[in-house]
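# Examination of the molecular architecture
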Amino acid sequence: MAFVGKKFPNLSVNAMNEMGDTFKLNVLEEAKNNNKKVLLFWYPKDFTFVCPTELHAFQSALAEFEKRNTMVIGASCDTAEVHFAWLNTPKNNGGIEGVTYPIIADSNRNLASTLGILDITNETYNEETGVVTVEGDNVTYRATYIIDEEGTVVHESINHMPLGRNVNEFLRLIDAYTHVQQKGEVCPANWEEGKDAMQANAKGTAEYLKAHLN
């Protein structure tokens, strides 16, 4: 189920901060109550391989997100306790020490299930035993959401497990949506901050194509 153009699910879930505090976090309320955009990124598992590279990459770009009035929130289905152990593991031992944004611990998978981002390829119910078995790891794919100040999802993407994300692309998307909000123009292919945008009509398209694609 796609959530683009819809409100992000109104669910409170456990999260862990860098101090080791477990608290309830509601992504929709974070956006609306703070009047900020939210970049929410899901990763499959703590203590794995591609995942720490992504968490450190988002941390390195945190100041750039903050300049854009955007909160960064990580998320997986690990427990808060496992998050805290990983937060206390140095980089040179595969850890995420130094990460300061909150990390959701959706261990009951309520939010991940609602978003439809779990790695479940088949589900079987045994009528005799009443047991449900699944194929797949039942962890999340690398799903990413950009949520605006009203709690509406404006971007949603999902990568398979081996494919790490490009953090700069999410900064570009936030810049583009902010331009739309502030200028009322739309952003063409490969748009970046400082480049020409377009009026959302046939004349605007024609003028842009004439100026840029000849």
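Before reading on, note that the structure itself is shown above.
Remember, predicted model here, so these are calculated numbers, not experimental data.

Attention now goes to the overall build of the protein. If you tally the helices and strands in the protein, you get seven helices and nine strands. Taken along its principal axes, the extent of the C-alpha atoms in the protein is 65 × 45 × 35 Å. Per-residue burial for the protein yields a buried fraction of 44% across its 214 residues. Once local pairs closer than 6 in sequence are excluded, the contacts in the protein between residues at least 24 apart make up 61%. When the accessible surface of the protein is summed, it comes to about 11,300 Å², and 48% of that surface belongs to carbon and sulfur atoms. Charge centroids of the protein, computed over 18 positive and 29 negative side chains, lie 8 Å from each other.

The next point concerns a nonpolar patch on the surface. Together, I120, Y125, V132 and V134 line one region of the surface with nonpolar side chains, adding up to about 340 Å² of accessible area. If you trace the backbone, V134 turns up in strand β7 (residues 131-135).

The next thing to look at is the sheet that holds strand β8 (residues 142-147). Taken in spatial order, the seven strands make up an open sheet running β2-β1-β5-β4-β3-β8-β9, and their pairing is mixed. Two strands in the sheet have a free side with no partner beyond their single neighbour: β2 (22-26) and β9 (153-159). Averaged over all adjacent pairs, the angle separating strand axes in this sheet is 30°, with direction ignored. Pairing of strand β3 (residues 37-42) with β8 involves four bridges; the strand directions are antiparallel. Each bridged residue has a counterpart across the sheet, and for F41 the counterpart in β8 is T144. This element, helix α6 (residues 167-183), spans β3, β4 (70-76), β8 and β9 of the sheet and lies at about 150° to β3.

Let us now look at the packing of aromatic side chains. The full count for this structure, using the stated rule, is eight aromatic pairs. For the ring pair F8 and Y145, a centre distance of 5.8 Å and an interplane angle of 75° mean the geometry is edge-to-face. Of the two residues, F8 is situated in the segment before β1 (12-16) and Y145 in strand β8; the sequence distance between them amounts to 137 residues. Like F8, the residue Y145 is buried in the burial classification. Taken together, F41, Y43, F47, F58, F65, W86, Y101 and F170 form an aromatic cluster joined through their ring pairs.

Quick notes on the rules
- Residues numbered from 1 in each chain as written.
- Predicted model: local features only at pLDDT ≥ 70, side-chain atom pairs only at ≥ 80, totals over all residues.
- Heavy atoms only, no water.
- Helix = DSSP H or I, 4+ residues; strand = E, 2+ residues; numbered from the N terminus.
- Buried < 20%, exposed > 50% of the residue type's maximum accessible area, 1.4 Å probe, protein only.
- Contact = heavy atoms within 4.5 Å.
- Areas by Shrake-Rupley, 256 points an atom, 1.4 Å probe, with all protein chains shown as cover.
- Lys, Arg positive; Asp, Glu negative; His and termini not counted.
- Charge placed at Lys NZ, Arg CZ, Asp CG, Glu CD.
- Patch = residues over 30% accessible without salt bridge, like charges linked within 9 Å, V, L, I, M, F, W, Y side chains within 5 Å.
- Salt bridge = Lys/Arg side-chain N within 4 Å of Asp/Glu carboxyl O.
- Pairing = 2+ DSSP bridges.
- Axes fitted to C-alpha atoms, helices over the stretch in contact; angles between N-to-C directions.
- Phe/Tyr/Trp six-rings, centres within 6.5 Å; stacked < 30°, edge-to-face > 60°.

Read these as layout, nothing more, since geometry by itself doesn't imply function.
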